[in-house]
Amino acid sequence: GAGVSQSPSNKVTEKGKDVELRCDPISGHTALYWYRQRLGQGLEFLIYFQGNSAPDKSGLPSDRFSAERTGESVSTLTIQRTQQEDSAVYLCASRLLGWPPGYGYTFGSGTRLTVV
Amino acid sequence: DQQVKQNSPSLSVQEGRISILNCDYTNSMFDYFLWYKKYPAEGPTFLISISSIKDKNEDGRFTVFLNKSAKHLSLHIVPSQPGDSAVYFCAQHRGADGLTFGKGTHLIIQP
């Protein structure tokens, strides 16, 4: 596709349930990032994938969060035993590595997760 | 500890006037900065960037200024138009680790 696609666009889940969010990056973009935006906050880095290298998980807030990416394609972000503080918009971005980096990042529209 | 700070959560400007959005940063090891614009229910879209070899970058109505000694950058929009109403994020490019964002400034252009 022409852009980064995320699904679902909205998700309401009960506290304690697991959720899985999906990101389809732009074909050929080797780098993929997950960010989270909680209400009134900026975009918070969660995890970064680059090709077949080990992902940078330094931004994941707890061990309830995990993410996978198969090669340079789809990525899934899984949140286990969801808590109300997990409510946020989860944004995925893919990037064509190079310089300058500005034009390289393309964001999806996000998944709005609400934990009730 | 916030490494990129946007201290104004919102800014209201009259149509046709200049909008000035400010951003401060703490880590001068990474010297490439970007501004993103975000409408509700959409992802951020890239607007303009600047690297430390410059102190100004201009693209149409948008100009970004970088003051390295003050660790401060600003985005100027002139003249402001109704379609400019959005949340604007300042971001610092940290190499392969991606972007560190500020909390955003909600710009409201009044007719």
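Residues numbered from 1 in each chain as written. Chains lettered and ligands numbered in written order. Predicted model: local features only at pLDDT ≥ 70, side-chain atom pairs only at ≥ 80, totals over all residues. Heavy atoms only, no water.

Visitor: What's the story with the overall build of chain A in this structure? I'm lost.
Guide: The helix and strand tally for chain A stands at zero helices and 10 strands. Each helix and strand of chain A, placed in order from N terminus to C terminus, yields the pattern β-β-β-β-β-β-β-β-β-β. Its C-alpha radius of gyration of 14 Å places chain A within 12% of the 13 Å reference for a compact globule of 116 residues. In chain A, which comprises 116 residues, the proportion classed as buried is 49%. In chain A, of all internal contacts separated by at least 6 residues, the share reaching a separation of at least 24 is 54%. Within the structure as shown, chain A displays about 5,600 Å² of accessible surface, and the carbon and sulfur contribution to it stands at 46%. (Helix = DSSP H or I, 4+ residues; strand = E, 2+ residues; numbered from the N terminus. Rg over C-alpha atoms; globule rule 2.2 N^0.38 Å. Buried < 20%, exposed > 50% of the residue type's maximum accessible area, 1.4 Å probe, protein only. Contact = heavy atoms within 4.5 Å. Areas by Shrake-Rupley, 256 points an atom, 1.4 Å probe, with all protein chains shown as cover.)

Visitor: For this particular structure, what's the right way to read the side chain of threonine 111 of chain A?
Guide: Residue position: threonine 111 of chain A is located in strand 10 (residues 111-115). Excluding its chain neighbours within four sequence positions, the residues that come into contact with threonine 111 of chain A are Gln6, Ser7, Pro8, Ser9, Lys11, Leu21, Ala88, Val89 and Tyr90 of chain A.

Visitor: I tried to follow the interface of chain A and chain B on my own but got confused; where do I start?
Guide: You'll often see interface size given as the accessible area lost when the parts meet. Residue-level contacts link 21 residues of chain A with 20 residues of chain B. Summed over the shared surface of chain A and chain B, the number is zero salt bridges. If you look at where chain A meets chain B, you find three residue pairs in polar contact (both at pLDDT 80 or more). Looking at side-chain class alone, the side of chain A that touches chain B contains 12 nonpolar, seven polar and two charged residues. (Salt bridge = Lys/Arg side-chain N within 4 Å of Asp/Glu carboxyl O. Polar contact = N/O pair within 3.5 Å; in protein donor to acceptor, adjacent residues only side chain to side chain. Nonpolar A, V, L, I, M, F, W, Y, C, P; charged D, E, K, R; others polar.)

Visitor: Hey, could you run me through the state of the cysteines in this one?
Guide: A disulfide bridge is the covalent bond that connects two cysteines by way of their sulfur atoms. A full pass over the atoms with the stated rule returns two disulfides over all chains. Across a sulfur-sulfur distance of 1.9 Å, cysteine 23 of chain A and cysteine 92 of chain A are joined as a disulfide pair. One quick way to see it: the torsion about the S-S bond of cysteine 23 of chain A and cysteine 92 of chain A is about -65 degrees, and its sign makes the bridge left-handed. Pair noted here: cysteine 23 of chain A is in strand 3 (residues 19-24) and cysteine 92 of chain A is in strand 8 (residues 88-95), with a separation of 69 residues, a long-range link. Cysteine 92 of chain A matches cysteine 23 of chain A in its accessibility class, with the two residues each being buried. Here cysteine 23 of chain B engages in a disulfide with cysteine 90 of chain B; their sulfurs sit 2.0 Å apart. The sign of the S-S torsion, about -75 degrees, decides the handedness of the disulfide formed by cysteine 23 of chain B and cysteine 90 of chain B: left-handed. Taken together, the residues span a long stretch of sequence, with cysteine 23 of chain B in strand 3 (residues 19-25) and cysteine 90 of chain B in strand 9 (residues 86-93) at a distance of 67 residues. (Disulfide = S-S within 2.5 Å.)

Visitor: What should I look at first to understand the packing of aromatic side chains in this one?
Guide: Geometrically, a pair of aromatic rings is defined through the distance of the ring centres and the angle of the planes. Here the structure, examined in full by the defined rule, presents 12 aromatic pairs over all chains. Both rings, one in tyrosine 33 of chain A and one in tyrosine 105 of chain A, keep their centres 5.4 Å apart while their planes meet at 45 degrees; by these two values the pair is tilted. Of the two residues, tyrosine 33 of chain A is situated in strand 4 (residues 31-37) and tyrosine 105 of chain A in strand 9 (residues 105-107); the sequence distance between them amounts to 72 residues. Comparing tyrosine 33 of chain A with tyrosine 105 of chain A, the two get one shared label, buried. These aromatic residues form a ring-pair network of at least three members: Tyr33, Tyr35, Phe45, Tyr48, Tyr105 and Phe107 of chain A together with Tyr36, Phe46, Phe89 and Phe101 of chain B. (Phe/Tyr/Trp six-rings, centres within 6.5 Å; stacked < 30°, edge-to-face > 60°.)

Visitor: Even after reading the chapter, I still don't get the nonpolar core, so can you show me in this structure?
Guide: Core analysis: the largest hydrophobic core is formed by 21 residues, its most contacted members being Leu21, Trp35, Leu73, Leu75, Ile77, Tyr88 and Leu107 of chain B. Listed by contribution, the elements that provide at least two residues to this core are strand 3, strand 4 (32-38), strand 5 (45-51), strand 7 (62-67), strand 8 (72-77), strand 9 and strand 11 (105-110) of chain B. With 20 residues, the next largest nonpolar core counts Val4, Phe49, Leu60 and Tyr90 of chain A among its residues. (Core = buried A, V, L, I, M, F, W, Y, C linked by side-chain atoms within 4.5 Å.)

Visitor: Can you walk me through the sheet that holds strand 1 (residues 5-7) of chain A in this structure?
Guide: In a beta sheet, neighbouring strands are held together by backbone hydrogen bonds and run either parallel or antiparallel to one another. Residues and elements named next belong to chain A. Taken together, four strands build an open sheet; the order of strands is 1-3-7-6 and the sheet is antiparallel. Because the sheet does not close on itself, it has two edges, and the strands there are strand 1 and strand 6 (65-69). Strand after strand, the sheet turns through a mean of 15 degrees between neighbouring axes, direction not considered. Summarising the sheet, strand 6 and strand 7 (residues 75-79) pair through five bridges and their orientation is antiparallel. From the neighbouring strand, serine 66 faces strand 7, where its bridge partner is threonine 78. (Pairing = 2+ DSSP bridges. Axes fitted to C-alpha atoms, helices over the stretch in contact; angles between N-to-C directions.)

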